[in-house]
Amino acid sequence: MRYSFLGPRGTFTQQALNRICSEEDSIHIPALDSPRAIKMVRAGQADFAVVPIENSVEGGINATLDTLAADSDLLIYGEVLVDIAFTLAVRPGTTLEDITHICTHQAAWTQCRNWLGVHLPDVVHLPATSTAAGAAGLASDGEPGYQATLVSALAADQYGLEALREGVADNPDAVTRFVLIGRAGQLPPRTSSDKTTLMVQLPSDEAGALLNMLEQFKAHGVNLSRIESRPIGDSLGRYAFSIDAEGHLMDERIQSVLIGLHRVCPKVTFLGSYPSAAGRRIHPRPGTSDDDFLGARAWVDSLVERSH
């Protein structure tokens, strides 16, 4: 199997991919960025893609959300949570006083900016497509134009860099969520600890449209673990919502929510049902279990049949 991922090798994304399938058992194909990794699956150049979709500090990763939701031909099949710890890595012999420029991914810079503000207040950030890309440039021959990068300890070691400072992230409990994306097909089976991901567009000319959308979840006892607004992009003031709901497409309550959303929203894109990495068992509130929905439907059917 071929897996594209946000490269180059040594990124946190490849760490997540290794938990799914190692290079001994599959082909890992590094991509320049997350959208390109996803598009490789669309183009048939990879069977699956592993990309970051959310981190606990900055929230959703827009490049992934927007590329995935561009069409309904791809689905999320799984997720992996990776604890994120950053190392300030340099070429051997570089001191803290030598550093004027740091090249790293925007997410790494954001998660370390308070530490940098204290220890390197005048340093300039040079954006990289990934954390490992900054490490690769620093490890290459010639003058890269910067003296340090923010990477995982594994990547620093892999590229032969010196760990000048470890644990430089502002939040020691930071976690990034990565998803496994493939072409639409058979869903993973229910586990009683599942997520369903949706992109839901709201009507732009209707008062209370957001409330109408949220009431579909509340009425059927479905909890949301994430909801973020995303501009549709065709004009100002038009938004869609990226949503993670607790439950699986094969759950009666999730199907009822989708029916409701389809009635009140102009566009609903289903992006997958898959096991939650947290593994927390979902306990439907009274009246929202499969048996409750099936029993209610059977009762209505009996009324209809009797009335013929």
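In this text the structure is predicted, and so the values were computed from the model without any measurement. (Residues numbered from 1 in each chain as written. Predicted model: local features only at pLDDT ≥ 70, side-chain atom pairs only at ≥ 80, totals over all residues. Heavy atoms only, no water.)

**Here's the deal with the domain arrangement of the protein**
It is common to give the size of an interface as the accessible area that goes away when the parts come together. We apply this condition: An automatic or database domain assignment provides the domain bounds reported here.
Examined at the domain level, the protein breaks down into domain 1 (1-84 + 174-185), domain 2 (87-166) and domain 3 (187-307). The centre of domain 2, based on its C-alpha atoms, is set 43 Å off from the matching centre of domain 3.

**Considering the state of the cysteines**
Filter applied, for reference: The definition used for a disulfide is geometric: two cysteine sulfur atoms within 2.5 Å. Exposed residues in this analysis have more than 50% of their type's maximum accessible area, buried residues have under 20%, and partly exposed residues fall in between, with area computed by a 1.4 Å probe over protein chains only.
The full count for this structure, using the stated rule, is zero disulfides. Free of any disulfide, Cys103 has its nearest cysteine sulfur in Cys112, 14 Å distant. By relative accessible area, which is 8% here, Cys103 ends up buried.

**Let's talk about a nonpolar patch on the surface**
Put simply, the rule is: Patches draw on residues past 30% relative accessible area with no salt bridge. Two like charges within 9 Å are joined, as are two nonpolar side chains (Val, Leu, Ile, Met, Phe, Trp, Tyr) within 5 Å. In these tables, accessible area is a Shrake-Rupley quantity obtained with a 1.4 Å probe, and a residue counts as shielded only by the protein chains included in the view. Salt bridge, as used here, is a side-chain nitrogen of Lys or Arg placed within 4 Å of a carboxyl oxygen of Asp or Glu. Only DSSP runs of H or I with at least four residues qualify as helices, and only runs of E with at least two residues qualify as strands; both kinds are numbered from the N terminus onward.
Where nonpolar side chains cluster on the molecular surface, the patch consists of Leu210, Leu214 and Ile227 and spans about 210 Å² of accessible area. The residue Ile227 is located in strand E13 (residues 224-231) in this model.

**Comments concerning the layout of surface pockets**
Think of a ball as big as a water molecule: rolled over the atoms, this probe shows where empty space is left. Threshold: Put plainly, a pocket is an open set of points on a 1 Å grid over the protein atoms alone with protein on both sides within 12 Å along at least five of seven lines, a cavity is a set where a 1.4 Å probe fits but cannot get out, and a lining residue has an atom within 4 Å of a point. Grid points are joined across faces, edges and corners, and a volume is the space filled by probe spheres set on the points. Under the scheme applied, nonpolar residues are Ala, Val, Leu, Ile, Met, Phe, Trp, Tyr, Cys and Pro; charged residues are Asp, Glu, Lys and Arg; polar residues are all the others, including Gly.
Estimated volume of the largest pocket: approximately 450 Å³. Contributing to the lining of the largest pocket are 28 residues, with Pro52, Asn55, Ile61, His105 and Ala107 lying nearest its centre. Only helix H1 (12-20), helix H2 (34-42), strand E3 (48-55), strand E4 (59-60), helix H3 (62-69), helix H4 (106-119) and strand E11 (175-183) provide two or more residues apiece to the lining of the largest pocket. When residues in the lining of the largest pocket are grouped by element, the largest group, five residues, is from H4. Class assignment for the residues of the lining of the largest pocket results in 11 nonpolar, 15 polar and two charged. One number sums up the size of the second largest pocket: a volume of about 320 Å³. Lining the second largest pocket we find 19 residues, and of these Glu79, Lys195, Ser225, Ser276 and Ala278 sit closest to its centre.

**Brief notes about the packing of aromatic side chains**
As a reminder of what qualifies: Only centres within 6.5 Å qualify two rings of Phe, Tyr or Trp (six-membered ring in Trp) as a pair; their planes then separate them into stacked at under 30 degrees, edge-to-face at over 60, and tilted for everything else.
This model, assessed by the stated rule, comprises three aromatic pairs. With 5.4 Å between their ring centres and 85 degrees between their planes, Phe12 and Phe86 make a pair best called edge-to-face. With Phe12 in helix H1 and Phe86 in the loop between strand E5 (74-83) and strand E6 (87-90), this residue pair connects regions lying 74 residues apart in the sequence. By relative accessible area, Phe12 is classed as buried at 9%. Residue class for Phe86 comes out buried when judged on its relative accessible area of 3%. Residues Phe48 and Tyr77 carry aromatic rings whose centres are separated by 6.1 Å and whose planes lie at 85 degrees to one another, so their mutual orientation is edge-to-face. Of the two residues, Phe48 sits in strand E3 while Tyr77 sits in strand E5, which places them 29 residues apart along the sequence. We classify Tyr77 as buried; its relative accessible area is 14%. Here a set of aromatic residues connected by ring pairs shows up, and it is made of Tyr3, Phe48 and Tyr77.

**With respect to the pattern of salt bridges**
For side chains of opposite charge, pairing can occur when their charged atoms come near one another. Here the structure, examined in full by the defined rule, presents 16 salt bridges. Residues Glu54 and Arg177 are paired through a salt bridge, measuring 2.9 Å at the closest nitrogen-oxygen approach. Of this pair, Glu54 sits in strand E3 while Arg177 sits in strand E11; the two residues are 123 residues apart in sequence, bridging distant segments of the chain. Overall, the relative accessible area of 4% leaves Arg177 in the buried class. Measuring nitrogen to oxygen at the nearest pair gives 2.7 Å for the salt bridge that ties Arg190 to Asp251. Note that Arg190 is positioned in the loop between E11 and strand E12 (194-201) and Asp251 in the loop between strand E14 (239-246) and helix H8 (252-264), a separation of 61 residues in sequence.

**Here's the deal with the packing of helix H7 (residues 209-219) against H8**
For clarity, the cut-off: The axes are straight lines fitted to the C-alpha atoms, using for helices just the contacting stretch, and the angles between their N-to-C directions are given from 0 to 180°. Angle categories are assigned with fixed cut-offs, so that under 35 degrees is roughly parallel, over 145 is roughly antiparallel, 65 to 115 is roughly perpendicular, and the rest are oblique. Crossing handedness is read from the near helix: turned anticlockwise from the far helix by less than a right angle, it gives a left-handed crossing, and turned clockwise, a right-handed one. Contacts are residue-level and defined by heavy atoms, with any inter-residue pair within 4.5 Å sufficient.
Relative to each other, H7 and H8 sit at 165 degrees, their axes nearing to 9 Å. Between H7 and H8, the interaxial angle falls into the category roughly antiparallel. Remark: the crossing between H7 and H8 carries right-handed chirality. Residues Asn212, Met213, Gln216 and Phe217 of H7 touch H8, and the partners they reach there are Val257, Gly260, Leu261, Arg263 and Val264. The class makeup of the residues in the contact of H7 with H8 is five nonpolar, three polar and one charged.

**What to know about the sheet that holds strand E15 (residues 267-275)**
Our working definition: By definition, two strands form a pair when at least two bridges between them are found by DSSP.
Spatially, four strands are ordered E13-E14-E12-E15 in an open sheet, and the strand pairing comes out antiparallel. The open sheet has two edge strands with one neighbour each: E13 and E15. With direction set aside, neighbouring strand axes in the sheet form an average angle of 15 degrees. In terms of strand pairing, E12 meets E15 through seven bridges, oriented antiparallel. Following the sheet pairing, Thr196 is matched in E15 by Ser273. Along the sheet, H3 contacts E12, E13, E14 and E15; its crossing angle with E13, the most-contacted strand, is approximately 80 degrees. Docked against the sheet, H8 engages E12, E14 and E15, running at close to 0 degrees with respect to E12.

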